[in-house]
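Take a look at the letters that make up each chain.
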Amino acid sequence: MENNKNIETISMDYITQHHHILRNSPFSELSGLTVLLVEPEAEARIFYSQQLENIDMRVIPLDSISMMPDQIRSVEPSVIIVNPSADIKAGINFFKTFRREFPDLPIITMALTMPDDTLDAIMKAGVSFHINRALTRPRDLLLALEQVISMK
C-alpha cells in the first residue's frame, strides 16, 4: 500500500514539475489571438473564419495579399494565414519583403497541391508552416497554429 502512495507522489511531482495539464477545451491557448486570414476563395474564407472564431480567435478576413500591409500595421495580428494560389510569384515576393519588416510574425500558407520547387520557394521566402489542403483536414490548421504560436 505504501509503495503505491510513493508511486502516486512521484507521478504527481513529475506532472507538476513539467507543467503537464489536461485541457478542458482543445486549442484553448489560441483563444483571444488575432489572425489575419488572406483567402481569395469566398467559401473557404467564410469556412476558416468560422472555424477560427469558434475557438475564440479574432479573425480579420481579406481576399487578397495586396491588402495585407495596411492591415498588419493597424491590426497587429498574432499570426497570418495566407492562400497564395491567386498569384504565387507575388506571394513569394511579398513574403520576402514582409519577413524583413516582421521577422517574428508567423506565416502559415494553405493551398492545394503545388510543385515541390514552388513550395520550396515559399518556405525559403520566410513562411513558417505550409498546409496542403488536398492532404489535410480543417482541424490541421488549428494544430499548425498551435505549433507556430508555441515557437514565438
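Residues numbered from 1 in each chain as written. Predicted model: local features only at pLDDT ≥ 70, side-chain atom pairs only at ≥ 80, totals over all residues. Heavy atoms only, no water.

Visitor: What should I look at first to understand the packing of aromatic side chains in this one?
Guide: Both the distance between ring centres and the angle between the ring planes are used here to describe each pair of aromatic rings. Evaluated as defined, the whole model comprises 4 aromatic pairs. By the ring-pair criterion, three or more aromatic residues cluster together here, those being Phe94, Phe95, Phe98 and Phe102. (Phe/Tyr/Trp six-rings, centres within 6.5 Å; stacked < 30°, edge-to-face > 60°.)

Visitor: It is not clear to me how the packing of helix α4 (residues 88-101) against helix α5 (residues 116-124) should be interpreted in this structure. Could you clarify?
Guide: Two packed helices can be described by the angle between their axes and the distance between those axes. One can describe the packing of α4 onto α5 by two numbers: an axis separation of 8 Å at closest approach and a directional angle of 25 degrees. Accordingly, the angle class assigned to the pair α4 and α5 is roughly parallel. Residues Ile88, Ile92 and Phe95 of α4 form the contact with α5, whose own contacting residues are Thr118, Ala121 and Ile122. In terms of residue class, the contact of α4 with α5 is built from 5 nonpolar, 1 polar and no charged. (Axes fitted to C-alpha atoms, helices over the stretch in contact; angles between N-to-C directions. Helix = DSSP H or I, 4+ residues; strand = E, 2+ residues; numbered from the N terminus. Parallel < 35°, antiparallel > 145°, perpendicular 65-115°, else oblique. Contact = heavy atoms within 4.5 Å. Nonpolar A, V, L, I, M, F, W, Y, C, P; charged D, E, K, R; others polar.)

Visitor: Please clarify how the pattern of salt bridges should be interpreted in this entry.
Guide: When the charged atoms of two side chains lie near each other, side chains of opposite charge can form a pair. Counting across every chain of the model gives 2 salt bridges. In this structure, Arg133 engages Glu39 in a salt bridge whose closest nitrogen and oxygen atoms are separated by 2.2 Å. Residue Arg133 is found in the loop between β5 (129-132) and α6 (139-150), and its partner Glu39 is found in the loop between β1 (34-38) and α2 (42-53); the two are separated by 94 residues along the sequence. The burial state of Arg133 is the same as that of Glu39; both residues are buried. Between Glu101 and Arg73 there is a salt bridge; the shortest N-O distance is 2.7 Å. Of this pair, Glu101 sits in helix α4 while Arg73 is found in helix α3 (residues 68-75), placing the two residues 28 residues apart along the sequence. Looking at Glu101, the relative accessible area reads 43%, which means it is partly exposed. By relative accessible area, which is 45% here, Arg73 ends up partly exposed. (Salt bridge = Lys/Arg side-chain N within 4 Å of Asp/Glu carboxyl O. Buried < 20%, exposed > 50% of the residue type's maximum accessible area, 1.4 Å probe, protein only.)

Visitor: What's the story with the confidence of the model for the protein chain in this structure? I'm lost.
Guide: One rule of thumb: low pLDDT means the predicted coordinates there are not for detailed reading. Mean pLDDT over the protein chain stands at 83; residues scoring 70 or higher make up 82%. The model gives residues 4-16 a pLDDT under 50, and that stretch makes 2 contacts with residues more than four places away or in other chains. Ignoring residues within four places in sequence, the model shows residues 18-24, a span with pLDDT below 50, making 5 contacts including any to other chains. (pLDDT = per-residue confidence, 0-100.)

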